[in-house]
Amino acid sequence: MKSLRIIIPLIIIALILICALIYFLRNAKARNVPAPKVYEGTLIEFNHNPGYGDENGAIHDECLKRNDSGEWIIESRDLECIGEPMIVTTYEVSSDDVLTFETFVKESGILDLQDRPESDEFMTDYRPWNYIFAFDESATGGSKREYYSFSQYLMYSDKDFALIKELEERFKALQGKVISTRKEKDY
């Protein structure tokens, strides 16, 4: 009986110490996770190239930017084949929607994808998909045009790909009605 009175408190103390050790180790891992970067600049431009290419010289890209009047637009450029004209379609975009898009870009962590390691993937005769963001960071001591970009030839997790898909969906949702369509010279 006397030995049972000693063993039970020792077991309880041992369990408490084990729980405390587990708690400490889990929190130590959390403390080593770097804090997400804070992006304080103002979005100037966003370019998206969906990955395109063949031996005919096809091109497709889209750019969110301000026009000469200071209004937000999306300009989409399409070329099916060398020797044909480039088709440039301009869409209207709501300033409020751009602000929501910019907030998503800054807070989602998508700009951190540029820090992913390079993959060993490579294809010839192909333009890989990519995303390029330009921010004016002069108000916070940075440059007037700071670029962040990431492309196909980096290593991404499933979570990263889900974030990229959300970026694409949010970008597509920005497109308003067509303002103009024009043909540029043959390329």
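Refer to the structure above for everything that follows.
Treat the numbers as computed from the prediction; the structure is a model and nothing was measured.

Peer 1: So what's going on with the pairing of strand β1 (residues 42-49)? Which residues, and what values?
Peer 2: Extensive coverage of β1 is indicated by the burial of six of its eight residues. Taken together, the seven bridges between β1 and strand β5 (residues 130-136) define a ladder with antiparallel strand orientation. Within the sheet, the bridge partner assigned to Asn49 lies in β5 and is Asn130. By the bridge criterion, three bridges tie β1 to strand β2 (residues 59-66) in an arrangement that is antiparallel. Bridge pairing links Phe46 to Leu64 in β2.

Peer 1: With reference to specific residues and values, describe the pattern of salt bridges.
Peer 2: Per the counting criterion, the structure on display carries eight salt bridges. A salt bridge links Glu75 to Lys65; its shortest N-O distance comes to 3.4 Å. Of the two residues, Glu75 sits in strand β3 (residues 72-79) while Lys65 sits in strand β2, which places them 10 residues apart along the sequence. Accessibility expressed as a relative area gives 15% for Glu75, which makes it buried. Across the salt bridge formed by Arg116 and Asp160, the nearest N and O atoms sit 2.9 Å from each other. Of this pair, Arg116 sits in the loop between α2 (95-108) and β5 while Asp160 sits in helix α3 (residues 158-174), placing them 44 residues apart in sequence.

Cut-offs applied
Residues numbered from 1 in each chain as written. Predicted model: local features only at pLDDT ≥ 70, side-chain atom pairs only at ≥ 80, totals over all residues. Heavy atoms only, no water. Buried < 20%, exposed > 50% of the residue type's maximum accessible area, 1.4 Å probe, protein only. Helix = DSSP H or I, 4+ residues; strand = E, 2+ residues; numbered from the N terminus. Pairing = 2+ DSSP bridges. Salt bridge = Lys/Arg side-chain N within 4 Å of Asp/Glu carboxyl O.

In short, the description is geometric, and any link to function would need to be established separately.
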